[in-house]
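An overview of the molecular structure
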Amino acid sequence: MSYRVVNPYNGELIKEFPAATDEEVEQALTDANNFYQQAKEQPIEQRAEQLAALADEFTKRADYYANFLTANMGKLISEARGEVKKTVAFARYYVENGAAALVDQDYTAMAGRKAHLEFSSIGAVVAVEPWNFPYTQVMRVFAPNFILGNPVILKHASIVPECAQAFDDACKAAGLPTGAFKNIFATYDQVNQMIGDPRVQGVALTGSEKAGELIAAEAGHNLKKSTMELGGTDVCIVLNDADLKKAVAGAVSGRLRNAGQACTSAKRYLVQSGIYDEFLTAIKKEFAKYQPGDPLNEKTTLAPLSSKSAQQNLQKQIKAVLDGGAKVLWGDPTAVEGPGAFFKPLIISGMTYDNPMYDHELFGPVAQLYKVDDEKGIVELANHSNYGLGGAIYSENLDKARKLASKIETGQIAVNQPLSSLPELPFGGIKKSGYGRELSNLGIREFANIKTVLG
Ligand code: NAP
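Residues numbered from 1 in each chain as written. Predicted model: local features only at pLDDT ≥ 70, side-chain atom pairs only at ≥ 80, totals over all residues. Heavy atoms only, no water.

**Regarding the overall build of the chain**
To be explicit about the condition: Runs of H or I in DSSP of at least four residues are treated as helices and runs of E of at least two as strands, each being numbered from the N terminus. Values of the radius of gyration come from C-alpha atoms, whereas the globule rule sets the reference at 2.2 Å times the count of residues to the power 0.38. By the convention used here, residues are in contact when the closest approach between their heavy atoms is within 4.5 Å. Accessible surface is estimated by sampling points in the Shrake-Rupley manner with a 1.4 Å probe; for residues, cover comes only from the protein chains shown.
Along the chain, the regular secondary structure elements total 14 helices and 20 strands. The C-alpha atoms of the chain give a radius of gyration of 22 Å, which matches the 23 Å a tight globule of 455 residues would have. C-alpha atoms of the chain, sized along the principal axes, occupy 65 × 65 × 40 Å. Nonlocal contacts in the chain, meaning residues at least 24 apart in sequence, comprise 73% of its contacts between residues at least 6 apart. On the chain, roughly 18900 Å² of surface is accessible, and the fraction owed to carbon and sulfur atoms is 52%.

So, in structure tokens, the structure goes:
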């Protein structure tokens, strides 16, 4: 198993990291367990101060941390700085609100008898994380668990090892206690070994459906609590009475940010017939503004995909989409040659339920457009999916939009704005998009012992 940084802009090998030895894995588990035991005796406020120091470290050296994102997975440098800021925001949310979410909760419904819930730590959590948001995804798991007193052992995606190492280094620079966080360049077998170890009591995966099936099975086999943050085919619904400008801005940024590689990207545009032509004209114009280039150049608007294999995989998927009868409405589906992992934006239509790629996640700058007559058709199409992660609805009639939102089978949905993960709000999916919630007061309780105390 190799952990390698290959710059997706020019194909140059930057650095390779050896896989962890079994001794390193054992040391990580021992340190994690020591932290778990010590944290039980430590006031939460001390950990809040330490987490604030980690947020300060990311803030002080934001450009240093941002550069690893661009070099490892090709993110535009402006987006990389934005990710570092968001990483800080996630940490600060738990600095300020973590303890309050863990205060005992009284149960008063029983006449003459008292009971309360306690929220306490359970042990180490193994976090298996993806390359598309290399710091925020890790902080979403680390910050709440650190406040709770659960150590986190990270197995990051093999193409972003410098980001994984940088997060670990940031924890050291901030003076976090040994064992609270450890990055391990683990093999899949070592991940399974850790899941089976009694010192590990939780597994948090963010990744693809396939990884979800395997890791959830391993967690289930060992009776370990797990959360699964998986993929999606989110809808962006534009009703006849939408503010066109707002809808177009949300639809385009919702699809093309991070070069289209976000779990909650607006992958399917469902547009009502009365506004369809105007919407199509406007998005073509906006898509044309995205120009590929060096992601370190501030003027570049379209970054490469994360790797050559991501590019080749998407190219294969698009061939299957078109062979299955769908059409390119805008853009050029021919492959981009050269060392960079670029992929030209596309707008496609004519995806039918029998297309072999219908309901497959297209992880890149590809929008699917559907013309829909009425709300019944919108609900049927939106819910005709095995996924249910996010979504967005554009309509100037808020009441109507919120009623429609209630009918969409999804874990979260935004009205008149693209969906964005916010520290204050629960984030997660249903169906094959996974289970469990990250962020907010719910995220910190996922790996808590919710203990009932009667009397
Ligand atoms: P991936 O291939 O599933 O990889 C995710 C992580 O799982 C990586 O660290 C990977 O390691 C690891 N992994 C895969 N199979 C494993 C196994 N059998 N045992 C142990 N570890 C295993 O996904 P990705 O391509 O990195 O990320 C993109 C996917 O993540 C998309 O589907 C996206 O929608 C989803 N995502 C979901 C959310 C959410 O919050 N719901 C957020 C972001 C991304 P290697 O790199 O070493 O294979």
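Next comes the rest of the description.
**Description of the pattern of salt bridges**
Two side chains carrying opposite charge are able to pair once their charged atoms lie near each other. Inclusion rule: Here a salt bridge means any side-chain nitrogen of Lys or Arg lying within 4 Å of a carboxyl oxygen belonging to Asp or Glu. Note on exposure labels: buried denotes an accessible area under 20% of the residue type's maximum, exposed denotes more than 50%, and partly exposed covers the range between, all computed with a 1.4 Å probe on protein chains only.
Tallying each qualifying case throughout the model produces 20 salt bridges. We note a salt bridge from E16 to R4, for which the minimum N-O separation is 3.6 Å. You can see E16 sitting in strand β2 (residues 13-17) and its partner R4 sitting in strand β1 (residues 3-6), a full 12 residues away along the chain. E16 gets classed as partly exposed once you look at its relative accessible area, which sits at 48%. Here R81 ties to E298 by a salt bridge, and the two come within 2.8 Å at their closest N and O atoms. Taken together, the residues span a long stretch of sequence, with R81 in helix α4 (residues 77-101) and E298 in the loop between α10 (273-287) and α11 (308-323) at a distance of 217 residues. Taken together, the shared-partner salt bridges connect E26, D197 and R199 into one network.

**Comments concerning the sheet that holds strand β7 (residues 181-183)**
Stated formally: Between any two strands, at least two bridges found by DSSP are needed for them to pair. Each axis is a line fitted through C-alpha atoms, taken for helices only over the stretch in contact, and angles between the N-to-C directions span 0 to 180 degrees.
Within the open sheet, the six strands sit side by side as β7-β6-β5-β8-β9-β19. Their pairing is mixed. At either end of the open sheet lies a strand with only one pairing partner, and these are β7 and β19 (434-435). Relative to strand β9 (residues 225-229), strand β8 (residues 200-206) runs parallel, the two being bridged by five bridges. Of the residues in β9, the one forming a bridge with L205 is M228. Sitting on the sheet, helix α8 (residues 209-221) touches β5 (124-128), β8, β9 and β19, and the angle it makes with β8 is about 170°.

**Regarding the packing of aromatic side chains**
What counts, and what does not: Only centres within 6.5 Å qualify two rings of Phe, Tyr or Trp (six-membered ring in Trp) as a pair; their planes then separate them into stacked at under 30 degrees, edge-to-face at over 60, and tilted for everything else. The criterion for a charge sitting over a ring is simple: Lys NZ or Arg CZ within 6 Å of the ring centre, and within 35 degrees of the ring normal.
Per the stated rule, a full pass over the model turns up 19 aromatic pairs. Plain terms: the ring middles of F58 and F167 are 5.5 Å apart, the flat faces sit at 55° to each other, and that makes the pair tilted. Highlighted residues: F58 in helix α2 (residues 44-60) and F167 in helix α6 (residues 161-173), separated in sequence by 109 residues. Pair check on accessibility: F58 and F167 agree, each one buried. Ring centres 5.4 Å apart and planes at 80° place the aromatic pair F142 and F181 in the edge-to-face group. Remark: F181 occurs in strand β7 and F142 occurs in helix α5 (residues 136-148); sequence separation between them is 39 residues. Each member of the pair F142 and F181 is classed as buried. The lysine or arginine in question, R61, covers the ring of Y64, its NZ or CZ lying 4.4 Å from the ring centre. Note that R445 overlies the ring of F119, its terminal NZ or CZ placed 4.2 Å from the centroid.

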